[in-house]
Amino acid sequence: MITLELLRVMRDGQPCEAELAARVHADGNEITVDGPEPELIDQNQPVLNLRNGATITCADNPEEWARGLAVSFRTPYLSACVVEDTNPLPDVEIEPANVKEPVFR
């Protein structure tokens, strides 16, 4: 189960206090979209499945689609926030690069 809130952070071209635009709740094969602007959510929009890198739509897997949707809304106008996730993605550790000599001299 995952609950995602889409927040509006700009109004009329000016930054504003973050306000709820739409809420997506996916639990298994069930999905609900509510809030003041539910039309912002297009369930046919393809997103990246963050577990395996495949492109999916809501019909393929609503929960994984909602997780991918979270990274799709990183704009100056709308931002996504995961409120609850009962099956979160595992943390990934990335080792720092060790550059021995500069590429440009």
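Note that the structure is a prediction, hence the values are computed from the model and not measured.

## Quick look at the environment of A26
Here is step 1: Within the secondary structure layout, A26 lies in strand β2 (residues 14-27).
Here is step 2: It is 17 Å that separates the C-alpha atoms of A26 and E37, two residues lying eleven residues apart in sequence.
Here is step 3: When sequence neighbours within four positions are dropped, the list of residues in contact with A26 reads M1, I2, I31, P62, E63 and A66.

## Here we look at the confidence of the model for the protein
Here is step 1: Here the protein averages 89 in pLDDT, while 93% of its residues score no lower than 70.
Here is step 2: For the protein, the element scoring lowest by mean pLDDT is strand β1 (residues 2-11), at 91; strand β3 (residues 30-34) scores highest, at 97.

## Topic: the nonpolar core
Here is step 1: Among the nonpolar cores identified, the biggest contains 17 residues, and L6, I41, W65 and L69 are the most heavily contacted of them.
Here is step 2: Within the residue set of this core, elements represented by two or more residues are β1, β2, α1 (62-72) and β6 (78-85).
Here is step 3: Ranked by the residues each element gives to this core, the list is headed by α1, at four residues.
Here is step 4: In this structure, I41 is in contact with L6, A22, V24, V33, W65 and L69, ignoring residues within four places of it in sequence.

## Quick look at the sheet that holds β3
Here is step 1: Taking strand neighbours across the sheet as the criterion, the four strands line up as β3-β2-β1-β6 in an open arrangement whose pairing is antiparallel. Among the strands making up the open sheet, the edge pair consists of β3 and β6. Adjacent strand axes in the sheet meet at a mean angle of 25°, parallel and antiparallel pairs treated alike.
Here is step 2: Taken together, the seven bridges between β1 and β6 define a ladder with antiparallel strand orientation. Its bridge partner being in β6, T3 is matched across the sheet by E84.

Definitions and limits used
- Residues numbered from 1 in each chain as written.
- Predicted model: local features only at pLDDT ≥ 70, side-chain atom pairs only at ≥ 80, totals over all residues.
- Heavy atoms only, no water.
- Helix = DSSP H or I, 4+ residues; strand = E, 2+ residues; numbered from the N terminus.
- Contact = heavy atoms within 4.5 Å.
- pLDDT = per-residue confidence, 0-100.
- Core = buried A, V, L, I, M, F, W, Y, C linked by side-chain atoms within 4.5 Å.
- Buried < 20%, exposed > 50% of the residue type's maximum accessible area, 1.4 Å probe, protein only.
- Pairing = 2+ DSSP bridges.
- Axes fitted to C-alpha atoms, helices over the stretch in contact; angles between N-to-C directions.

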